[in-house]
Amino acid sequence: MQDPSPNLLEQQTGPAPHRRMRPSRIAAAWAVGVIVILGIYLSMQPVGSLLGSEPSSRPDASASGQAGTGGPAPNFVTADGSDGLLGLDGRPIRLADFAGRPVWIVFWATWCIPCQEEASHIEAAYRAHEPDGLAVLAIDVQEPTTSVRKYVDAHGLSYAIGLDPTAAIMASYAARGLPSHVFVDRDGVIRDRYAGQLTAETMEQHLRAILGR
């Protein structure tokens, strides 16, 4: 027995009706497409950049006003005028403590891998230029004193360490991401800035701005 021919089926059942897709289904299909495309895009982005914590390896040109290049370095105080920066011994650190010296300020944290990788180079640069009067102030952001002290002792860091428990000082310097570098000359003026990890070679290039070389 043969299968019925297509013509016979059409005679018996009639041509299949042409169905239009409802507008609501079209909108749903578009929404699904947009979500899929957005998901693909987000999966290709670094997690840090999506969270706003990814440091950019370029000069930080975002700072403006008092914290900008060419302006005076802000004092280490909070919005209410109280001391905002503490040393590992719990005593306040003030910008005036470094008066007359070029100061290299580094915002960092012990968990920050780029900060870890550049720490030994910062130490070497500090020791090399300490006879020139260079002061290095590494400001740890929002970490317990015990964790920072343990890290500093383990890595033999001899430059000054400050604690910024509320990130108020980091905000006053308009620093974006960790690590961030600010180079202040002997007169307390910001001469250079950099957001991101520095190599031994690029450290020397930026230090020229405050060492007069």
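Above: the structure in question.
Residues numbered from 1 in each chain as written. Predicted model: local features only at pLDDT ≥ 70, side-chain atom pairs only at ≥ 80, totals over all residues. Heavy atoms only, no water.

**Student:** I'd love a proper account of the environment of His 129, names of residues and values included.
**Tutor:** The residue His 129 is located in helix H4 (residues 113-129) in this model. Judged by its relative accessible area of 6%, His 129 falls in the buried class. Separated by 82 residues in the primary sequence, His 129 and Leu 211 have C-alpha atoms spaced 8.6 Å apart. (Helix = DSSP H or I, 4+ residues; strand = E, 2+ residues; numbered from the N terminus. Buried < 20%, exposed > 50% of the residue type's maximum accessible area, 1.4 Å probe, protein only.)

**Student:** Let's hear about the packing of H4 against helix H7 (residues 200-211): which residues, and what values?
**Tutor:** Put simply, H4 and H7 touch, their axes get as near as 10 Å, and they point 40° apart. On the basis of their axis angle, the class for H4 and H7 is oblique. Judged by the twist between their axes, the crossing of H4 over H7 is right-handed. Contacts between H4 and H7 involve Glu 118, His 121, Ile 122, Ala 125 and His 129 on the former and, on the latter, Ala 200, Met 203, Glu 204, Leu 207 and Leu 211. (Axes fitted to C-alpha atoms, helices over the stretch in contact; angles between N-to-C directions. Parallel < 35°, antiparallel > 145°, perpendicular 65-115°, else oblique. Left-handed = near helix turned anticlockwise from the far one by under 90°. Contact = heavy atoms within 4.5 Å.)

**Student:** Kindly report on the sheet that holds strand E2 (residues 103-108), identifying the contributing residues and their values.
**Tutor:** As summarised here, the arrangement of the six strands in space is E1-E4-E3-E2-E5-E6, forming an open sheet in which the pairing is mixed. With partners counted over all chains shown, the strands left at the sheet margins are strand E1 (86-87) and strand E6 (190-195), one partner each. Sheet topology note: the E2/strand E3 (residues 135-141) ladder contains six bridges and is parallel. Its bridge partner being in E3, Phe 107 is matched across the sheet by Ile 139. Running over the sheet, H4 touches E2, E3 and strand E5 (180-184) and is turned about 165° from E2. Sheet strands touched by helix H5 (residues 145-155): E2, E3 and strand E4 (160-164). Its angle to E4, the strand with the most contacts, is close to 160°. (Pairing = 2+ DSSP bridges.)

**Student:** Report on H4, specifying residues and quantitative values.
**Tutor:** Over its 17 residues, H4 runs 25 Å from end to end, which matches the ideal 24 Å to within 8%, given 1.5 Å per residue. At Ala 119, H4 shows its largest kink, close to 35°. Buried within H4 we find Cys 115, Glu 118, Ala 119, Ile 122, Glu 123, Ala 125, Tyr 126 and His 129. Lining the buried residues of H4 we find E2, E3, H5, E5 and H7. (Expected span 1.5 Å × (residues − 1). Bend = angle between axes of the 7 residues up to and from the residue.)

**Student:** Let's hear about unusual backbone geometry: which residues, and what values?
**Tutor:** At the junction of Leu 178 and Pro 179, the peptide bond is cis and its omega measures out at -5° in the coordinates. Structurally, the position occupied by Pro 179 is in the loop between helix H6 (168-172) and E5. If you check the backbone angles, Ala 167 has positive phi at about 65° while not being a glycine. Of the residues examined, Ala 167 reaches a relative accessible area of 17% and is grouped as buried. Here the phi dihedral of Ala 174 falls at roughly 55°; this positive angle occurs in a residue that is not glycine.

**Student:** Which residues make up the pairing of E3, and what values do they have?
**Tutor:** Within E3, seven of the seven residues are buried, leaving the element largely enclosed by the surrounding structure. What joins E2 to E3 is H4, and the crossover it makes is right-handed. With five bridges connecting them, E3 and E4 associate as parallel partners. Bridging from a neighbouring strand, Asp 140 pairs with Leu 163 of E4. The handedness of the E3 to E4 crossover, carried by H5, is right-handed. (Right-handed = clockwise from strand over helix to strand, strands pointing away.)

**Student:** Requested: an account of the pattern of salt bridges, with residues and values cited.
**Tutor:** Throughout the structure, instances matching the rule amount to three salt bridges. Salt-bridge contacts for Asp 83 lead to Arg 94; the nearest nitrogen and oxygen are separated by 3.2 Å. Residue Asp 83 is located in the loop between helix H3 (47-51) and E1, and its partner Arg 94 is located in the loop between E1 and E2; the two are separated by 11 residues in the primary sequence. One salt bridge connects Arg 191 with Asp 185, and the closest N-O pair in it is separated by 2.7 Å. (Salt bridge = Lys/Arg side-chain N within 4 Å of Asp/Glu carboxyl O.)

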